[in-house]
Amino acid sequence: LIIMATTKVDICSTALVMIGANTITSFSDDSTEANVCNTVYEDILKSALTRHRWRFATEQKQLSLLTAEPTGRYAYAYQLPTQPELLQLITLTVNDIVIPYERYGDKIFLDNYGSSNSVICDYIFRQDESEFPPHFILALEYSLAGLFAGSIARDSGMIRQFSDMAERQYLIAKNVDSAERTTKQLDQSRFINLRQSTR
């Protein structure tokens, strides 16, 4: 049994079927449907990926310290990762401690961390469709169907219907996604130390 990976064409075709439009075989088809998909898909997808800290689209990389220092106010500049493509920066840490930073374009500026530190970046990236879980795919399809309902079907009722369905499905998807991590345990040692220090 061969299971075919989901593609952007599959996702768009499903959304097109939802509004009663014709499916596509590629984004370069000579059709209104393909032209609309080619124009809006990537923007809609990236917007969806940055709605939540999706576990399936979260990456972690050590940043590279640049030799050129910032022009002013900061001591160090680090290069943000480009592969996989960074969509949203989540946090920076040194020795698992969250640190303050400023983003300037494709760089991060810091005051207190140089060559002796490993700066780790957690971020949302442009994940491949083959790795999308079903709960996210359905939300994305509803989002696209709502847009297609306006640009192809010209049906305001369907726009509202699919927009509402998309929002509900994103909530479901977020709940499912948030459960895909180990539950954090409360560190009681600091409370014990605090009580002992006040006696």
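Here is what the cut-offs are and how they apply
Residues numbered from 1 in each chain as written. Predicted model: local features only at pLDDT ≥ 70, side-chain atom pairs only at ≥ 80, totals over all residues. Heavy atoms only, no water. Salt bridge = Lys/Arg side-chain N within 4 Å of Asp/Glu carboxyl O. Helix = DSSP H or I, 4+ residues; strand = E, 2+ residues; numbered from the N terminus. Buried < 20%, exposed > 50% of the residue type's maximum accessible area, 1.4 Å probe, protein only. Contact = heavy atoms within 4.5 Å. Polar contact = N/O pair within 3.5 Å; in protein donor to acceptor, adjacent residues only side chain to side chain. Pairing = 2+ DSSP bridges.

(A) Focus on the pattern of salt bridges. Tallying each qualifying case throughout the model produces six salt bridges. Linking Arg-126 and Glu-42 is a salt bridge whose minimum nitrogen-to-oxygen distance equals 2.8 Å. Within this pair, whereas Arg-126 is found in the loop between strand 8 (119-125) and helix 3 (134-151), its partner Glu-42 is found in helix 2 (residues 32-49), the two being separated by 84 residues in sequence. With relative accessibility at 28%, the residue Glu-42 sits in the partly exposed group. Its salt-bridge partner being Glu-85, residue Lys-46 comes within 3.1 Å of it at the nearest N-O pair. Taken together, the positions of Lys-46 in helix 2 and Glu-85 in the loop between strand 3 (76-79) and strand 4 (86-94) put the pair 39 residues apart, joining distant regions of the chain. Assessed through its relative accessible area of 25%, Lys-46 is described here as partly exposed. Accessibility expressed as a relative area gives 34% for Glu-85, which makes it partly exposed.

(B) Structural view of the environment of Phe-56. Of note, Phe-56 is situated in the loop between helix 2 and strand 1 (58-62). Judged by relative accessible area, which is 13%, Phe-56 ranks as buried. Look past the residues within four positions of Phe-56 in its chain and what remains in contact with it is Leu-49, Phe-125, Gln-127, Glu-131, Phe-132, Pro-133, Phe-136 and Asp-177.

(C) Just the side chain of Glu-129, in detail. The residue Glu-129 is located in the loop between strand 8 and helix 3 in this model. A polar contact of 2.9 Å, which involves the side chain of Glu-129, links it to the side chain of Arg-126. Not counting the four nearest positions on each side in its chain, Glu-129 is found in contact with Thr-6, Thr-7, Lys-8, Ile-11, Tyr-41 and Leu-45.

(D) The side chain of Ser-13, seen in detail. Position of Ser-13 relative to the elements: it lies in helix 1 (residues 8-18). Judged by its relative accessible area of 10%, Ser-13 falls in the buried class. The residues touching Ser-13, leaving out its near neighbours within four places in the chain, are Thr-23 and Ile-24.

(E) Fine view of the pairing of strand 4. Taking burial as the measure, the nine residues of strand 4 include seven buried ones, the bulk of the element. Summarising the sheet, strand 4 and strand 8 pair through seven bridges and their orientation is antiparallel. Residue Val-94 lies in a different strand from strand 8, and its bridge partner there is Val-119. Note that strand 4 and strand 5 (residues 97-98) share two bridges and pair antiparallel. Among the inter-strand pairings, Val-94 is bridged to a residue of strand 5, identified as Ile-97. Hairpin connection, strand 4 to strand 5: the antiparallel pair is bridged by two residues, and Asn-95 has positive phi, about 55°.

This is a description of form; function is not addressed.
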